[in-house]
Amino acid sequence: AQTVTQSQPEMSVQEAETVTLSCTYDTSESDYYLFWYKQPPSRQMILVIRQEAYKQQNATENRFSVNFQKAAKSFSLKISDSQLGDAAMYFCAYRRDSNTGKLIFGQGTTLQVKP
Amino acid sequence: DVKVTQSSRYLVKRTGEKVFLECVQDMDHENMFWYRQDPGLGLRLIYFSYDVKMKEKGDIPEGYSVSREKKERFSLILESASTNQTSMYLCASTILGSRLYNEQFFGPGTRLTVL
């Protein structure tokens, strides 16, 4: 069975600095998607970034980028120039079923941004 | 703007009560999901539905049932609420498709407390 592990329950970063959130996963499949979701204190979960496993190039969305290491089954999120609005819980997720879109989530990492 | 709404942000119920959590999406999505979110456990799938009147158990279906009479509405039912069902409940929806991103769109969540 596929699993997703986020080993950092809490992280903190100084405003304007860079922080990396870790995620590892376990799967025997070769084609899949990986996602990072953000859940701010208001609780509406939103998609931050996604990565297709068959693409070698790391995904980037403005200040957010990923380091996707397929062989190591690692999918970390880098936030550059951190802002106060980045403070949230971040979830790593693996899409396990191509038809239904079912996701497996990690435990979450709470990111604190210090002014 | 895509939208997933949930009937209540906060709900307090007594042990043994029957509880209904409602979710509505306006994106004409085929797939809808119910998760519960607990600290240190991330999001766990309770049930999902891939069409009207169609449903499938997730990872933790015990003590829950669901109903989907219309495409836009997906209800989670706690037949007899228990204190261990105190949690945050999140609804999500996504479009059907094997090669699409299958991003899930989330509702704001319902914080349920069972006394």
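Residues numbered from 1 in each chain as written. Chains lettered and ligands numbered in written order. Predicted model: local features only at pLDDT ≥ 70, side-chain atom pairs only at ≥ 80, totals over all residues. Heavy atoms only, no water.

(A) Representation of the packing of aromatic side chains within the structure. All chains considered together, the criterion is met by 17 aromatic pairs over all chains. Centroid distance Tyr32 of chain A to Tyr94 of chain A: 5.2 Å. Interplanar angle 40°. Geometry classified as tilted. Pair noted here: Tyr32 of chain A is in the loop between strand S4 (24-26) and strand S5 (33-39) and Tyr94 of chain A is in strand S10 (residues 88-95), with a separation of 62 residues, a long-range link. Exposure remark for Tyr32 of chain A: the relative accessible area of 3% places this residue in the buried category. A ring pair is formed by Tyr37 of chain A and Phe106 of chain B, whose centres lie 5.4 Å apart and whose planes are at 80°; its orientation type is edge-to-face. With Tyr37 of chain A in strand S5 and Phe106 of chain B in strand S10 (residues 105-106), this residue pair bridges two chains. Here Tyr37 of chain A matches Phe106 of chain B in class, with each residue buried. Counting every residue linked through ring pairs, the aromatic cluster contains Tyr33, Phe35, Tyr37, Phe91 and Phe105 of chain A together with Phe33, Tyr35, Phe48, Tyr50 and Phe106 of chain B. (Phe/Tyr/Trp six-rings, centres within 6.5 Å; stacked < 30°, edge-to-face > 60°. Helix = DSSP H or I, 4+ residues; strand = E, 2+ residues; numbered from the N terminus. Buried < 20%, exposed > 50% of the residue type's maximum accessible area, 1.4 Å probe, protein only.)

(B) The sheet that holds strand S3 (residues 19-25) of chain B, seen in detail. All names here are of chain B. Taken in spatial order, the four strands of this open sheet run S1-S3-S8-S7, and their pairing is antiparallel. Each edge of the open sheet is held by one strand with a lone partner, namely strand S1 (4-6) and strand S7 (64-70). When the angles between neighbouring strand axes are averaged without regard to direction, this sheet yields 20°. Taken together, the six bridges between S3 and strand S8 (residues 73-78) define a ladder with antiparallel strand orientation. Paired with Val19 across the bridge in S8 is Leu78. (Pairing = 2+ DSSP bridges. Axes fitted to C-alpha atoms, helices over the stretch in contact; angles between N-to-C directions.)

(C) Examining the pairing of strand S5 (residues 42-51) of chain B more closely. Residue and element names in this part refer to chain B. Counting buried positions along S5 gives seven out of 10 residues, so the element sits mostly inside the fold. Where strand S4 (residues 31-38) and S5 come together, seven bridges link them in antiparallel fashion. If you follow Phe33 over to S5, its bridge partner there is Phe48. In this structure, the hairpin formed by S4 and S5 is closed by a connection of three residues, where Gly40 is found at a positive phi of approximately 80°. Across three bridges, S5 lies against strand S6 (residues 54-57) in antiparallel orientation. Within S6, the position partnered with Tyr47 by the bridge is Lys57.

(D) The interface of chain A and chain B, seen in detail. Across the boundary between the two partners, chain A contributes 27 residues, which contact 33 residues of chain B. Where chain A abuts chain B, roughly 2400 Å² becomes buried across the two surfaces, and 45% of that area is made up of carbon and sulfur atoms. The tally of links from chain A across to chain B stands at two salt bridges. In this structure, Lys102 of chain A engages Glu56 of chain B in a salt bridge whose closest nitrogen and oxygen atoms are separated by 3.4 Å. Top element by residues in the side of chain A that touches chain B is S5 of chain A. It accounts for four residues. For the side of chain A that touches chain B, a count of residues per class yields 10 nonpolar, nine polar and eight charged. (Contact = heavy atoms within 4.5 Å. Buried area = accessible area lost by both parts, 1.4 Å probe. Salt bridge = Lys/Arg side-chain N within 4 Å of Asp/Glu carboxyl O. Nonpolar A, V, L, I, M, F, W, Y, C, P; charged D, E, K, R; others polar.)

The quantities given are spatial measurements derived from coordinates; they are silent on function.
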